[in-house]
Amino acid sequence: MSTVLEIADLKKLAQRRVPKMFFDYADSGAWTESTYRANESDFANIKLRQRVLVDMTDRSLATTMIGQNVTMPVALSPTGLAGMQHADGEILAAQAAAEFGVPFTLSTMSICSIEDVAAATKKPFWFQLYVMKDRDFVRNLIERAKVAGCSALVLTLDLQILGQRHKDLRNGLSAPPKFTPKHIWQMMTRPQWCLGMMGTQRRTFRNIDGHAKGVSDLSSLSSWTAEQFDPKLNWDDVEWIKNLWGGPLILKGILDEEDALMAAKTGADAIIVSNHGGRQLDGAPSSISMLPRIVDTVGDKVEIHLDGGIRSGQDVLKAIALGAKGTYIGRPFLYGLGAMGKTGVTKALEIIAREADITMALCGKRRITDVDSSILHKD
Ligand SMILES: Cc1cc2nc3c(=O)[nH]c(=O)nc-3n(C[C@H](O)[C@H](O)[C@H](O)COP(=O)(O)O)c2cc1C
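In this text the structure is predicted, and so the values were computed from the model without any measurement.

**Q** Even after reading the chapter, I still don't get the overall build of the protein chain, so can you show me in this structure?
**A** From N to C terminus, the protein chain includes 16 helices and ten strands. Over its C-alpha atoms the protein chain spans a radius of gyration of 20 Å, differing by no more than 12% from the 21 Å that the globule rule assigns to 379 residues. In terms of overall dimensions, the protein chain has a C-alpha envelope of 60 × 50 × 40 Å along the principal axes. The buried share of the protein chain, taken over its 379 residues, is 58%. Taking contacts inside the protein chain between residues at least 6 apart in sequence as the whole, the part at least 24 apart equals 74%. For the protein chain, the accessible surface area stands at approximately 15600 Å², while carbon and sulfur atoms represent 53% of it. Between the averaged position of the 45 positive side-chain charges in the protein chain and that of its 43 negative side-chain charges there is a distance of 5 Å.

Rendered as structure tokens:
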């Protein structure tokens, strides 16, 4: 544990503890994975400005995201199948986030249901919505999120159809896993994971199972998505969902200035500059490279968040410096979860907070709310 210093350490541990098909599900992008890689490498290309002899006492990462207090501007991204990285994964991650003071976002495609997470946590969490063709099911999901006291709805716009993810297709990914010799071998070689899974009833998509009509093959994520997700989703639907929900709304998956303008017009509380962690349109630019243009276009109209490629507290600071009010981490918390359950998620958050805090000080700032482009080195 003491040797876990950075997110990469949690990733190595997760790879040893999570069956290959589920580790690969997290550690993959679409097609050639070029966008997945660019999300990380474009952060590395941004340089920080070193300052000296500035008072570094009394520092704080505390700020707000959509008006809600956060101990640092880092929410947990919605991630499908988190409950397959570790038994009861969504519950554990939600508890870790709540204790740390940052938002947890539950995916529509989670293993633990909205009700499971609500019953196991004391603070409100955020709910991410995928829009299905079955509008009664969508209405019902929104209602369930309201009943559970969710304090924001994150509407994902960039997955009307699923990007082609080669690792998942080659692995024959499903939840619960299939029992072919290959899959049995992958699980048998991860005994701790198996023990955890045997100790829980939560092994399928519990937001959907028993709630949606005519679901034929829920276990196959790709065929189920193709069958159920609405490829006709449009801006009028956003209006419909906004009215149905009636609470804070965040639009996720904006990567283009024109779309950002459309999103700002909806009156949403925030947009997330995102390419779904490089899992949808391979060949699209990294999210951090698009952030400045989107901030220039709509920064005065809507709060801007960013996800994709954040692997350290330094990356968080760079995104804030370029105009994001908040950020999200997907894989970093999933690696923590796979590595050591709730403790691992807390560890991921602690790593990021410590890195952000030290970096902020070395850049000559004491409050994250004072961080702006002046901390970036310009050639
Ligand atoms: C394993 C995995 C599952 C994901 N599932 C969802 C999902 O169900 N809904 C969604 O809106 N985004 C989903 N995403 C995308 C994340 O919300 C987020 O955009 C992305 O992970 C951010 O990039 P990062 O992993 O580099 O931090 C998923 C990402 C991963 C890695």
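**Q** Sorry, what's going on with the pairing of strand β5 (residues 126-129) here?
**A** The side chains of a regular strand alternate, first on one face of the sheet and then on the other. A two-sided burial pattern is seen for β5, the buried positions comprising Trp 126 and Gln 128 on one face and Phe 127 and Leu 129 on the other. For strand β4 (residues 105-106) and β5, the ladder comprises two bridges, and the chain directions are parallel. In the sheet register, Thr 105 faces β5, and the bridge partner there is Trp 126. Two elements, β5 and strand β6 (residues 152-156), share four bridges in a ladder whose sense is parallel. Bridged to Trp 126 within β6 is Ala 152.

**Q** Teacher, can you tell me more about the packing of aromatic side chains here?
**A** The relative placement of two aromatic rings is captured by the distance of their centres and the angle of their planes. In this structure the tally under the stated criterion is four aromatic pairs. Judged by centre distance (5.9 Å) and plane angle (25°), the ring pair of Phe 22 and Trp 193 falls under stacked. In this pair, Phe 22 sits in helix α2 (residues 20-26) while Trp 193 sits in helix α10 (residues 191-198), placing the two residues 171 residues apart along the sequence. Classification of Phe 22 by relative accessible area gives buried; the value is 0%. Aromatic pair Trp 126 and Tyr 328: ring centres 6.5 Å apart, planes at 55°, arrangement tilted. Highlighted residues: Trp 126 in strand β5 and Tyr 328 in strand β10 (residues 326-329), separated in sequence by 202 residues. Classification of Tyr 328 as buried rests on a relative accessible area of 1%.

Calculation notes
Residues numbered from 1 in each chain as written. Predicted model: local features only at pLDDT ≥ 70, side-chain atom pairs only at ≥ 80, totals over all residues. Heavy atoms only, no water. Helix = DSSP H or I, 4+ residues; strand = E, 2+ residues; numbered from the N terminus. Rg over C-alpha atoms; globule rule 2.2 N^0.38 Å. Buried < 20%, exposed > 50% of the residue type's maximum accessible area, 1.4 Å probe, protein only. Contact = heavy atoms within 4.5 Å. Areas by Shrake-Rupley, 256 points an atom, 1.4 Å probe, with all protein chains shown as cover. Lys, Arg positive; Asp, Glu negative; His and termini not counted. Charge placed at Lys NZ, Arg CZ, Asp CG, Glu CD. Pairing = 2+ DSSP bridges. Phe/Tyr/Trp six-rings, centres within 6.5 Å; stacked < 30°, edge-to-face > 60°.

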